[in-house]
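# Topology and contacts: notes
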Amino acid sequence: MAKYDLMSDKAECFINPQNIEDVLSHARKRSQDRALVSEILEKAKKMEGITASDAALLLLNRNPEITAEIFALAEQITDAYYGNRKVLFAPLYLSNYCVNHCTYCPYHAINRNIPRKKMTQEEIKAEVIALQDMGHKRLALEAGEDPFHNPLEYILESIDTIYGIHHQAGSIRRVNVNIAATTVENYKKLHDAKIGTYVLFQETYNKKEYERLHPKGPKSDYAYHTEAMDRAMKAGIEDVGIGVLFGLHNYAYEFVAILKHAKHLEWKYGAGPHTISVPRLQPASDINLADFKNGLPDDIFLKIVALLRIAVPYTGMIMSTRESEHIRRQALKIGISQISGGSKTTVGGYAAHDNTTSKTAQFELSDERTLDEVVNWLMTLGYVPSFCTACYGKGRQGVDFMSICKQKQIHNFCTPNALLTLAEYLSNYASDADGIHSTKYIGAQLIEAELQQLPETMRKVVRARMEEAIKGNVKFV
Ligand code: SF4
């Protein structure tokens, strides 16, 4: 049996099943020990993160007072590291052709109930223009794994197309990419294509369950999939995004494994994951949720979000429109730093080239609001919606970004940039149809209030740059 070793690049060593079971067994035995729990919470209050073992123990604790303390602390940490800034993005589905047989995904190769679609470069242009016209600056590219329909060359060409489109005041400044695990050589090509974050969900870290859920196709190789981030980082990609699909396997196992994966990347490559995503299984074509016995109730799901924030305070956390407004509202408070808005999970859904697109969705949306509605909602909750991509443009990625974040210096960079990009959004895209409830009006008030919080010298600089940002003269890349 392989030995636990966080510095190894072998999946069975850094995600070591025996080690995870040992962590969980200790957590089960000691999780109701009030003195130990208090000791861990004291460590967590330093806001420097806690170990997977300590986090697992808090996860399994059943005392409602402790849970309330965990949520309050997660809120404080979110505020200390990220302030009230929330980054917005949209997914862009390029193709739903896929050769894999993932049992939880409607794109699986033998689903005959969905039309297959791969966008041409012209269709991608139309999609990107539609996204730019909404105000988006940051995209997450999605495509099934299919070497014939979606080879890497197609993905690279699409990235090039996307970066090249500037419709009116629009531009996409950061393209994150969520495609299948691939080789170091291909990751180098993605790096050279100037992607933002490379995102790959593990789905489940439990090898046996992984193999059962992926019976056929290249993705069925657990080790190759789990070691993908090592290859990506060796290829020079500095920002990687990890996550599991909650609902596939036991949540406590997945929780510990995510933290082990994060620690492995941090120790071995100097920077942990840029983001952790927390998708939950959703209804979709040819997927029967009753076949999955590990559904995660809302209260545990939110506790996981809070504990991830406590365990890895400097890692961004993403929640998509899979979750309802109600859940997103709570999750934003306790740790989520990025959310999607106005999303379509269909291929060609933004420009709606044809009437079959709705059947090409990867999952059903629980939050169907437009981007303008999401921006408006965030501001009424007191958040500053941010379209900023400046860190990526200025090369503050990987180790550099982590070190700024760990020193809680992200405010200095992000708050002014968030305000500038919000001003840009308000001027070019926001609705003003609803008087004092309009996004434009609320946004103007919010920006003024935020400016008042800045030191005077910075306030003057930001105010001056705001005019320029609105005219499109400030470069965020
Ligand atoms: S999860 Fe990804 S690899 Fe699996 S069937 Fe869906 S698109 Fe294909």
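This structure is a prediction, so every number in the text was calculated from the model and none was measured.

### A short note on the overall build of the chain
Assigned secondary structure in the chain consists of 20 helices and nine strands. Computed over its C-alpha atoms, the radius of gyration of the chain comes to 22 Å, within 12% of the 23 Å expected for a compact globule of 477 residues. Taken along the three principal axes of its C-alpha coordinates, the chain extends 60 × 55 × 40 Å. The buried share of the chain, taken over its 477 residues, is 51%. Taking as baseline every contact in the chain between residues at least 6 positions apart, the subset at least 24 positions apart corresponds to 76%.

### Observations regarding the site of the ligand
Every residue near the ligand is listed here: Cys-98, Asn-100, Cys-102, Cys-105, Tyr-107, His-108, Gly-144, Glu-145 and Lys-219. Its residues assigned to classes, the shell around the ligand comprises four nonpolar, three polar and two charged.

### Some remarks on helix α19 (residues 439–453)
For α19, built from 15 residues, the straight-helix expectation of 21 Å at 1.5 Å per residue is met to within 8% by its first-to-last C-alpha distance of 21 Å. Where α19 is concerned, the buried positions are Thr-439, Ile-442, Gly-443, Leu-446, Ile-447 and Glu-450. Axial view of α19: buried residues confined to an arc of 135°, hence all on one face. Every exposed residue of α19 that faces more than 90 degrees away from the buried side is listed here: Gln-445, Glu-448, Ala-449 and Gln-452.

### Topic: the environment of Tyr-205
Looking at the element boundaries, Tyr-205 is found in the loop between β4 (198–199) and α9 (207–213). Along the backbone, Tyr-205 and Ala-11 are 194 residues apart, and their C-alpha atoms lie at a distance of 9.6 Å. Leave out the neighbours within four places in its chain, and Tyr-205 touches Ile-15, Val-244, Tyr-253, Glu-254 and Ala-257.

### Description of the domain arrangement of the chain
Under the domain assignment used here, the chain contains domain 1 (14–78), domain 2 (86–402) and domain 3 (406–470). Inter-centroid distance (C-alpha atoms) of domain 1 to domain 3 is 37 Å.

### A word on the pairing of strand β2 (residues 138–143)
In terms of burial, β2 is a largely internal element, six of the six residues being buried. Every second residue of β2 is oriented toward a common face, with Arg-138, Ala-140 and Glu-142 on one face and Leu-139, Leu-141 and Ala-143 on the other, all of them buried. For strand β1 (residues 85–95) and β2, the ladder comprises five bridges, and the chain directions are parallel. Counterpart to Pro-91 in the pairing with β2 is Ala-140. One crossover worth recording links β1 to the parallel β2 by way of helix α6 (residues 121–134), and it is right-handed. Two elements, β2 and strand β3 (residues 174–178), share five bridges in a ladder whose sense is parallel.

### Examining the packing of helix α5 (residues 64–82) against helix α13 (residues 298–311)
Running from N to C, α5 and α13 point in directions that differ by 50°, and their axes come no closer than 9 Å. The orientation of α5 with respect to α13, classified from their angle, is oblique. Along this stretch, α5 crosses α13, giving a crossing that reads as left-handed. Of the residues in α13, those touching α5 at Thr-67, Ile-70, Phe-71, Leu-73, Ala-74, Ile-77 and Thr-78 are Lys-303, Ala-306, Leu-307, Arg-309 and Ile-310. Here the contact of α5 with α13 is composed, by residue class, of eight nonpolar, two polar and two charged.

### Comments concerning the packing of helix α2 (residues 17–30) against helix α12 (residues 251–269)
It is the contact of α2 with α12, at a shortest axis distance of 10 Å, that shows an interaxial angle of 120°. For the element pair α2 / α12, the angle class is oblique. Crossing geometry of α2 relative to α12 is assigned as right-handed. Seen from α2, the contacting residues are Ile-20, Val-23 and Leu-24; seen from α12, they are Ala-252, Tyr-253, Val-256, Ala-257 and Lys-260.

### Comments concerning unusual backbone geometry
Positive phi, close to 50°, is recorded for Gln-168, a residue that is not glycine. On the secondary structure map, Gln-168 appears in the loop between α7 (152–164) and β3. The backbone of Glu-203 shows a phi angle near 70°, a positive value even though the residue is not glycine. Turning to its location among the elements, Glu-203 is positioned in the loop between β4 and α9. Using a count of 23 C-beta atoms within 10 Å as the deciding quantity, one classes Glu-203 as buried.

### Digging into the environment of Glu-364
Along the chain, Glu-364 turns up in the loop between β8 (338–340) and α15 (371–380). Here Glu-364 is in contact with Gln-282, Pro-283 and Ala-284, once residues within four sequence places are set aside.

Thresholds, definitions, all that
Residues numbered from 1 in each chain as written. Predicted model: local features only at pLDDT ≥ 70, side-chain atom pairs only at ≥ 80, totals over all residues. Helix = DSSP H or I, 4+ residues; strand = E, 2+ residues; numbered from the N terminus. Rg over C-alpha atoms; globule rule 2.2 N^0.38 Å. Buried ≥ 20, exposed ≤ 12 C-beta atoms within 10 Å, placed from the backbone. Contact = placed C-beta atoms within 7 Å. Near = placed C-beta within 6 Å. Nonpolar A, V, L, I, M, F, W, Y, C, P; charged D, E, K, R; others polar. Expected span 1.5 Å × (residues − 1). Arc of directions from axis to C-beta. Domains from an automatic or database assignment. Pairing = 2+ DSSP bridges. Right-handed = clockwise from strand over helix to strand, strands pointing away. Axes fitted to C-alpha atoms, helices over the stretch in contact; angles between N-to-C directions. Parallel < 35°, antiparallel > 145°, perpendicular 65-115°, else oblique. Left-handed = near helix turned anticlockwise from the far one by under 90°.

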